[in-house]
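Chains, contacts and geometry: an overview
Next come the chains, spelled out residue by residue.
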Amino acid sequence: MRLIFVRHGEPDYVNDCLTENGILQAKATAERLKKEDIKAVYSSPNGRARETASFTAKDHGLEVQTLDFMHEIDWGDKRENAEDLGDKIPFDGHPWTLGYQLLYEHPELAGSDEWAQHHYFKDNKCIDCYEKIANEIDTFLKGYGIERKGKLYYASEDNNDTIAIFAHGGSGAVLFSHILSLPLPFVLTALPYGVCSVTIFALTREVGDMILPRIEVFNDMGHIDKFTTGKLMFEK
């Protein structure tokens, strides 16, 4: 099985849709994926992701199916009395900035699951989004015969489908973090990816039933070079 992840095109956040440039990016992305044997196209419920997905779905004669759990993540201090406690999360709880700050202050957490227990994330709304997406993506993959046990995946049945998921910088980072068993702060800082970038995971068993997700392509933006500044976006 192969999973193609695409970040939405240049957004109009106010109206939750694509800009004119974003539409050109989305069409170019559909052309980039035209030769892929895509069996299903999924999208977050957000308009900017669904609009990006629509062009690829049309090219493959498919409908865009909604994955509600892949909506963009929220962030900010989730404690109502944070101000009174005097330790409100800095940077308005922005996960990308906090990811860098946490690794700078505590480099020992770079390869540890303990990042989730640090104040920057434990008391941040984004941790609730992380847990929901992580649980739901496992349920989703189980429907394709791929089951998670501990930090690894195992094949319960053979599946050679190629599917595409269109979502966001935040929910995508959570997906990458969970599937690859990498700490979220590390993914947020070390693996940035731009608008309409294409990332492809191979979920293939090679020894017994065990599956080790392999990144075939990461942050491919060559198809939209003329429609973008090339600047990577670190949020939304």
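Described in the following lines is the structure provided in the data block. (Residues numbered from 1 in each chain as written. Predicted model: local features only at pLDDT ≥ 70, side-chain atom pairs only at ≥ 80, totals over all residues. Heavy atoms only, no water.)

**A short note on the pairing of strand E1 (residues 2-7)**
This is how it is decided: Categorising residues by exposure relies on relative accessible area from a 1.4 Å probe, with only protein chains included: less than 20% of the type maximum marks a residue as buried, more than 50% marks it as exposed, and the intermediate range marks it as partly exposed. Under the scheme used here, helices are H or I runs from DSSP no shorter than 4 residues and strands are E runs no shorter than 2 residues, and both carry numbers assigned from the N terminus. Strand pairing is defined by DSSP finding a minimum of two bridges between the two strands.
Here E1 lies mainly inside the structure; 6 of its 6 residues are buried. The side-chain alternation of E1 yields two buried faces, one formed by Arg2, Ile4 and Val6 and the other by Leu3, Phe5 and Arg7. Where E1 meets strand E8 (residues 162-167), 6 bridges bridge the pair, whose relative direction is parallel. Within E8, the position partnered with Phe5 by the bridge is Ile165. In this sheet, strand E9 (residues 198-202) lies alongside E1 in antiparallel orientation, the contact comprising 5 bridges. From the neighbouring strand, Leu3 faces E9, where its bridge partner is Phe201.

**Comments concerning the packing of aromatic side chains**
Under the convention used in this document: For Phe, Tyr and Trp, where Trp contributes only its six-membered ring, two rings pair if their centres lie within 6.5 Å, and the inter-plane angle classes them as stacked under 30 degrees, edge-to-face over 60, or tilted in between.
Counted under the stated rule, the structure contains 11 aromatic pairs. Look at Trp75 and Trp96: their rings are 5.4 Å apart centre to centre, the planes differ by 80°, and that puts the pair in the edge-to-face class. In this pair, Trp75 is assigned in the loop between strand E5 (64-66) and helix H3 (82-85) and Trp96 in helix H4 (residues 95-105), connecting sequence segments 21 residues apart. When the ring of Phe176 is compared with that of Tyr193, the centres are 5.2 Å apart and the planes differ by 45°; the resulting orientation is tilted. Here Tyr193 lies in the loop between helix H8 (184-190) and E9 and Phe176 lies in helix H7 (residues 169-180), a separation of 17 residues in the sequence. Of the two residues examined, Phe176 and Tyr193, each falls in the buried class.

**Topic: the pairing of strand E4 (residues 38-43)**
Where burial is concerned, most of E4 is hidden: 5 out of the 6 residues are buried. Pairing of E4 with E8 involves 5 bridges; the strand directions are parallel. Counterpart to Ile38 in the pairing with E8 is Thr162. Alignment of E4 against E5, held across 3 bridges, turns out to be parallel. Residue Ser43 lies in a different strand from E5, and its bridge partner there is Thr66.

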